[in-house]
Amino acid sequence: MANSVTFYAWAVPAFTSGSPVDHTWVTTFDNQQFSYKDAKAVAAARKFYWFCWGGYHAKGQTPGNSSGALGSKRGSLSLAKCLVKPNADSRVNAAARGTIFTYGVDGVCHQLANQVLYATKSSIRPFTVSKARGYLASTFVYGTYGLQQAAWAAKIRSCSSVGVSPPRATGGAQKMTGLPDDFEEHAREILSDEPELLNKLLSLKAEVQSFAAQPLPGFQPPDADTLNMRNQHLINQAAILLGPEKFELVFGMKPGDKILLVDPKLLPGN
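Note that the structure is predicted; figures quoted are calculated from it, not measured.

> Could you give an account of the pattern of salt bridges, naming the residues involved and the relevant values?
Here the structure, examined in full by the defined rule, presents nine salt bridges. Between Asp22 and Arg133 there is a salt bridge, and its shortest N-O distance comes to 2.9 Å. Linking Asp22 in strand S2 (residues 22–27) with Arg133 in the loop between helix H3 (109–117) and helix H4 (135–142), this pair joins segments that are 111 residues apart in sequence. A salt bridge links Asp263 to Lys265; the nearest nitrogen and oxygen atoms lie 3.2 Å apart.

> Quick one: what's the story with the state of the cysteines, residue by residue and with numbers?
Tallied over the full model, the rule gives one disulfide. Note on cysteine connectivity: Cys82 is disulfide-linked to Cys159, with sulfurs 2.1 Å apart. Disulfide Cys82-Cys159: the torsion about the S-S bond is -80°, which places it as left-handed. Note that Cys82 is positioned in helix H2 (residues 77–83) and Cys159 in helix H5 (residues 149–159), a separation of 77 residues in sequence. On the basis of relative accessible area, Cys82 is assigned to the partly exposed category, the value being 31%. Here Cys52 is not disulfide-linked; the sulfur of Cys109 is the nearest cysteine sulfur, at 7.4 Å.

> Explain the pairing of strand S1 (residues 4–13) residue by residue, including any values.
Within S1, seven of the ten residues are buried, which leaves the element mostly enclosed by the surrounding structure. Where S1 lies against strand S4 (residues 69–76), seven bridges are found, and the strand directions are antiparallel. Bridge pairing in S4 places Tyr8 opposite Ser72. Relative to S2, S1 runs antiparallel, the two being bridged by six bridges. Among the inter-strand pairings, Tyr8 is bridged to a residue of S2, identified as Thr27.

> Break down helix H6 (residues 182–190) for me, citing the residues and quoting the values.
Buried within H6 we find Asp182, Phe183 and Ala187. Looking straight down H6, one finds that the buried residues subtend no more than 125° of arc, so they occupy a single side.

> Which residues make up the side chain of Thr62, and what are the values?
One can find Thr62 in the loop between strand S3 (49–50) and S4. Look at Thr62 and you get buried, because its relative accessible area is 8%. A polar side-chain atom of Thr62 sits 2.5 Å from a polar atom in the side chain of Asp22. Leaving out residues up to four positions away in the same chain, Thr62 has contacts with Ala11, Val12, Pro13, Asp22, Gly68 and Arg133.

> A description of the environment of Ala96 should follow, citing residues and the corresponding values.
By secondary structure assignment, the location of Ala96 is in the loop between H2 and H3. Separated by 72 residues in sequence, Ala96 and Thr24 place their C-alpha atoms 14 Å apart. If sequence neighbours within four positions are ignored, Ala96 has contacts with Val84, Lys85, Ala88, Asp89, Ser90 and Leu112.

> Give me the environment of Ala95: which residues, what numbers.
Structurally, the position occupied by Ala95 is in the loop between H2 and H3. In sequence terms Ala95 and Phe247 are 152 residues apart; their C-alpha atoms lie 37 Å from each other.

> Tell me what's going on with the packing of H6 against helix H9 (residues 244–251), and back it up with residues and numbers.
Taken N-terminus to C-terminus, the directions of H6 and H9 make an angle of 135°; their axes are 9 Å apart at the nearest point. Taken together, the axes of H6 and H9 lie oblique to each other. Where H6 crosses over H9, the two elements pack in a sense that is right-handed. Residues Phe183, His186 and Ile190 of H6 form the contact with H9, whose own contacting residues are Leu249, Val250 and Phe251. Considering only residue class, the contact of H6 with H9 consists of five nonpolar, one polar and no charged.

> Account for the packing of aromatic side chains, with residues named and values stated.
Across all of its chains, the model carries 16 aromatic pairs by this definition. Judged by centre distance (5.3 Å) and plane angle (20°), the rings of Tyr145 and Trp152 are stacked. Here the two residues Tyr145 and Trp152 agree in accessibility, since each one is buried. Geometrically, the ring pair formed by Phe247 and Phe251 is stacked, given 4.5 Å between the ring centres and 15° between the ring planes. Of this pair, Phe247 and Phe251 both sit in helix H9, four residues apart, roughly one helical turn. Per residue, the accessibility class of Phe247 equals that of Phe251, and both read buried. Members of the aromatic cluster, each reached through a chain of ring pairs, are Trp25, Tyr49, Phe51 and Tyr56.

> Tell me about the sheet that holds S1, and name the residues and values.
Taken in spatial order, the four strands make up an open sheet running S3-S2-S1-S4, and their pairing is antiparallel. In this open sheet, the two edge strands, each paired with only one partner strand, are S3 and S4. The strands that H3 touches are S1, S2 and S3; relative to S2, the one it contacts most, it runs at about 20°.

So, how was this worked out
- Residue indices follow the written sequence of each chain, beginning from 1 at its first position.
- The model is predicted, so local features are restricted to residues of pLDDT at least 70 and side-chain atom pairs to those at 80 or more, both for listing and for counting; the totals for chains, interfaces and linings are taken over all residues.
- The side-chain quantities take in all heavy atoms of the structure and omit both hydrogens and water.
- Here a salt bridge means any side-chain nitrogen of Lys or Arg lying within 4 Å of a carboxyl oxygen belonging to Asp or Glu.
- Secondary structure follows DSSP: runs of H or I at least 4 residues long count as helices, runs of E at least 2 residues long count as strands, and numbering of each begins at the N terminus.
- Put simply, a disulfide is two cysteine sulfurs that come within 2.5 Å.
- Exposed residues in this analysis have more than 50% of their type's maximum accessible area, buried residues have under 20%, and partly exposed residues fall in between, with area computed by a 1.4 Å probe over protein chains only.
- Two strands are counted as paired when DSSP detects at least two bridges linking them.
- Think of it as the arc spanned by the lines of direction from the helix axis to the C-beta atoms.
- Polar contacts here mean pairs of N or O atoms no more than 3.5 Å apart (in protein, one a potential hydrogen donor and the other a potential acceptor; neighbouring residues in sequence count only if both atoms are side-chain atoms).
- Every residue pair with non-hydrogen atoms within 4.5 Å of one another is taken to be in contact.
- Note on geometry: axes are C-alpha line fits, over the in-contact stretch for helices, and angles between N-to-C directions span 0 to 180 degrees.
- Any angle from 65 to 115 degrees is called roughly perpendicular, while one under 35 is roughly parallel, one over 145 is roughly antiparallel, and all others are oblique.
- Two helices that cross are described as forming a left-handed crossing if the nearer one is turned anticlockwise from the farther one by less than a right angle, and a right-handed crossing if clockwise.
- Each residue receives one of three labels: charged for Asp, Glu, Lys and Arg, nonpolar for Ala, Val, Leu, Ile, Met, Phe, Trp, Tyr, Cys and Pro, and polar for the others, Gly being one of them.
- The pairing test for Phe, Tyr and Trp rings, Trp by its six-membered ring, is centres within 6.5 Å, and the orientation test on the planes gives stacked under 30 degrees, edge-to-face over 60, and tilted for anything in between.

That's the geometry; what it means functionally is another story.
Dropping the structure here:
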């Protein structure tokens, strides 16, 4: 694999105290061994840091995980740099957004981190930030790689000359095979003995993502409160379908938990 390096994924608690959701980002260095004060210091050391729609974090740490480490895997540096620009703040640099063009609308940090980590794809599935808290709620609404599926498929194709081959297309650009669906795989494992309930949940997920991909009315992008309320409502539909016990098994959180996936500080005007 061209320019093979090890990618590390990290987490810190999201923006609200007590939130069951983590912010995630990606580096090409182990921040338990190397500490850099900011992205300029990272670049000066010829290392790479992907902000993934968040601020700079020198270290990771999250409840139950003192280092915040989510795992690591080797992959193509050239491909990752083509997919998402490193050492650049997603809030001010469009190339650092991958195809999560509008934060909270197309996806959040989990989806952008996964886009970087697509560069770990070889003959086996790419690494994802699936161990992050809140990940299953996030991927239920936004999918593994965000809601801009056609743009993401095109981005993979445009970058394929510097990395691995793109996934196969079936039924148009928005139907791509060979990409992991972490939520579906987890749900199939949990509900393997209840195929009817599983099918209802997966149908609901498809409806949720189709609905979330539709633009909300208005001349300005929706604010964080609107997006968080919408997302909470959509996740609550799964809680109604599954019931408390199975919802907690599938989503890793209890029905009624306040799930804030969108940080107001990362939207324009904040």
